Amino acid sequence: MSAWVLPDHIADVLPSEARHIEELRRGLLDTARSYGYELVMPPMLEYLESLLTGTGEALALQTSKLIDQLSGRTMGLRADMTQQVARIDAHLLNRKGVTRLCYCGPVVHARPDRPRATREPFQFGAEIYGHEGLEADLEALHLALDCLKGAGVKDVIVDLADVRIVRSLLAGVMVDEQVLRGVHAALASKDATELAQLTRDFPEASREGLMALLQLYGGMEVLDQAEKLLERTAGVRNVLSHLRWLVQHLDGVKVSFDLADLRGYSYYSGTRFAIYVPGGSDALVRGGRYDEVGAVFGRNRPAAGFSLDIKQLVAVVPERPLKAAIRAPWGDDAQVAAAIAALRQQGETVVCVLPGHESEVDEFHCDRELANVGGQWVVQAI
């Protein structure tokens, strides 16, 4: 095997794409800052119990493990940063009231989470802690939408769900973890045959309610249908009211519902959302409420937020034009050096042509050059 062959679903990012990713990263962080979110930088490695406690099997399977050569303890390469940010909020900041945090950096997946996906996503996300009302859910949604708008994404579709509906239907049903995972998978894949088999011994109300969820996807009419079909299920009316309230505050955005959607990590505790672009097979953004995410760190307080993969985002947004540069001759003349330095301080990109390389390909598409005109170094069009 060649020494330069990379592992499956791992790839180098070359200059053009890297520039686009970096420009998107800066824009996303600036948008989050405009909402009052502070940047944190969790470590790539943590002890495994800190990364995975309370997250469920899905995240555990995505986390690569290794042994710490200093302590002998098992560490994990982070596959998601939400748990890390909850630890920072609970133990390092420990503030009272509302805390808004954002983050951006690479995570590593043990296996790709969808066809042709990278195993090294570049994750951006934002979390708001300390407010249990729907206002926090709405703020997370508005921030996510503004982030996509700033990146150049148009005509998005917001898909809403709430994990409390399924939890209410399963309340009091005694099943082992394997059956529960199977029920969740059958709901996500809309597999009526498998769901019927798994729930054959469930109480009638739970079984019928879960089967009804398979049909509860679409537009606003879904909420009315759910209210009728799930009227015997405690708490559902209140959940549907919350979803209606969110929709009323999403002006100009196409909204859909999938009340059987349980995809993602197990720490979600309430309203969930996914944001798609027309024709896209997977969500660009996933988020929602996860009030229990900090409980394992000794501070269980309300939390809502979202995350996205910038590498996935860069594939669906228009490529930004490269900023035109200025070509300059190489030389040790003090006047040339001063002119180049002044241009760079003004924000210009100045590419010095090294001796013998005058005819090489111009990767920066220089549209101007620094030339000596009448004894003065001036910028002129090429």
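Everything numeric here is computed off the predicted structure, so don't read it as measured data.

A. Structural view of the packing of aromatic side chains. Overall, the coordinates contain 2 aromatic pairs when judged by the stated rule. Ring geometry for Tyr268 versus Tyr290: centroids 5.6 Å apart, planes at 65 degrees, classification edge-to-face. Placement of the pair is Tyr268 in the loop between strand 9 (254–258) and strand 10 (271–276) and Tyr290 in the loop between strand 11 (285–289) and strand 12 (303–309), with a sequence separation of 22 residues. Among the residues examined, Tyr290 registers a relative accessible area of 1% and is labelled buried. For the cation-ring pair, Arg73 lies above Tyr47, with the distance from its terminal atom to the ring centre recorded as 3.7 Å. Here the basic side chain of Arg272 rests over the ring of Tyr268, its NZ or CZ set 4.4 Å away from the ring centre.

B. Quick look at the pairing of strand 15 (residues 368–373). Pairing of strand 13 (residues 326–329) with strand 15, which is carried by 2 bridges, proceeds in the parallel orientation. When the bridges of strand 15 are listed, Arg327 appears paired with Glu369. Alignment of strand 15 against strand 16 (residues 376–381), held across 6 bridges, turns out to be antiparallel. By the bridge assignment, Ala371 is partnered in strand 16 with Val378. Here strand 15 folds back onto strand 16, and the loop between the two strands holds 2 residues, one of which, Gly374, carries a positive phi near 60 degrees.

Definitions and limits used
Residues numbered from 1 in each chain as written. Predicted model: local features only at pLDDT ≥ 70, side-chain atom pairs only at ≥ 80, totals over all residues. Heavy atoms only, no water. Phe/Tyr/Trp six-rings, centres within 6.5 Å; stacked < 30°, edge-to-face > 60°. Helix = DSSP H or I, 4+ residues; strand = E, 2+ residues; numbered from the N terminus. Buried < 20%, exposed > 50% of the residue type's maximum accessible area, 1.4 Å probe, protein only. Lys NZ or Arg CZ within 6 Å of the ring centre and 35° of its normal. Pairing = 2+ DSSP bridges.

Don't take any of this as a statement about function, it's just geometry.
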